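# Fold and geometry: a report
The residues making up each chain are set out below.
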Amino acid sequence: MSGTIVVGVDGSEPSLKALRWAVRQAKLTGDDVGAVIGWEYPATGWAGMLPGMPPEFEPEQLAWQILDEALDKTLEADVAAVVERRVVSGPAAQVLLDASEGASLLVVGDRGYSGFKAALLGSVSLHVTQHAKCPVVVVRGEIAEH
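Here's a quick rundown of the structure. (Residues numbered from 1 in each chain as written. Predicted model: local features only at pLDDT ≥ 70, side-chain atom pairs only at ≥ 80, totals over all residues. Heavy atoms only, no water.)

## Observations regarding helix α1 (residues 13-29)
Condition: We count a stretch as a helix when DSSP gives it H or I for four or more residues in a row; a strand needs E for two or more, and each element gets its number in order from the N terminus. In this analysis, the expected span of each helix is defined as 1.5 Å times one less than the number of residues it contains. For each residue, the accessible area found with a 1.4 Å probe, counting protein chains only, is set against the maximum for its type, and the residue is called buried under 20%, exposed over 50%, and partly exposed in between.
Under the 1.5 Å per step criterion, the end-to-end length of α1 is 24 Å for 17 residues, consistent within 8% with the ideal 24 Å. Those residues of α1 not exposed but buried are P14, S15, L16, K17, A18, L19, A22, V23 and A26. Looking one or two places after α1, you find G30, whose phi comes out positive at around 80 degrees.

Structure, rendered in structure tokens:
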């Protein structure tokens, strides 16, 4: 994916900030943008003591919906239309590491929907900064609009 900025999007506000940052950076560098979300089947009840997932539950479909809504509400329609969208089965950190193989840059928010609020970085952003094979930008705080 040389010439591509990969951005992790899970629908959280930090991931939307990362998406906006990645798009602005791509305008400066001429890179393409690839938005990626990972999904997994949630763990069901331990030893059958809790109810499992309803049979109509489709986590991949839900991930597509989250990704599409995030791009459509965050970006102008013409920009959103050219962002490559990928929904991949697997843990978020590993999905992003795999997607960023050979990329120009990997961009993530400082935390997603899961995470301890007092931590400086979420588990995914911390993991990718330690293991990515390309430069990583962790977008924190407010993003200035220019």
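After that view of the structure, there is still more to cover.
## Examining the side chain of D31
Note the cut-off: In protein, a polar contact means a hydrogen-donor-capable atom and an acceptor-capable atom, both N or O and within 3.5 Å, with residues adjacent in sequence counting only if both atoms are side-chain atoms; elsewhere, any N or O pair within 3.5 Å suffices. Residue contacts are counted whenever heavy atoms from the two residues lie within 4.5 Å of one another.
Its place among the elements puts D31 in the loop between α1 and β2 (32-39). A polar contact of 3.1 Å, which involves the side chain of D31, links it to the side chain of T29. Engagement of the side chain of D31 in a polar contact is seen with the side chain of S104, the distance being 3.5 Å. When residues no more than four places from it in sequence are discounted, the contact partners of D31 are G3, T4, I5, A26 and S104.

## Notes on helix α2 (residues 59-74)
Note the threshold: Within this analysis, the arc is defined by the directions that extend from the helix axis to the C-beta atoms.
For α2, spanning 16 residues, the distance from its first C-alpha to its last is 22 Å, which sits close to the expected 22 Å at 1.5 Å a residue. Inspection of α2 places P59, A63, L67, A70, L71 and T74 among the buried residues, and these make up the whole buried set. Around the axis of α2, the buried residues are gathered within 105 degrees of arc, so they sit on the same side. Across α2 from its buried face, at more than 90 degrees, point the exposed residues Q61, D72 and K73. Those residues of α2 hidden inside the fold are in contact with α1, β2, α3 (77-82) and β3 (84-89).

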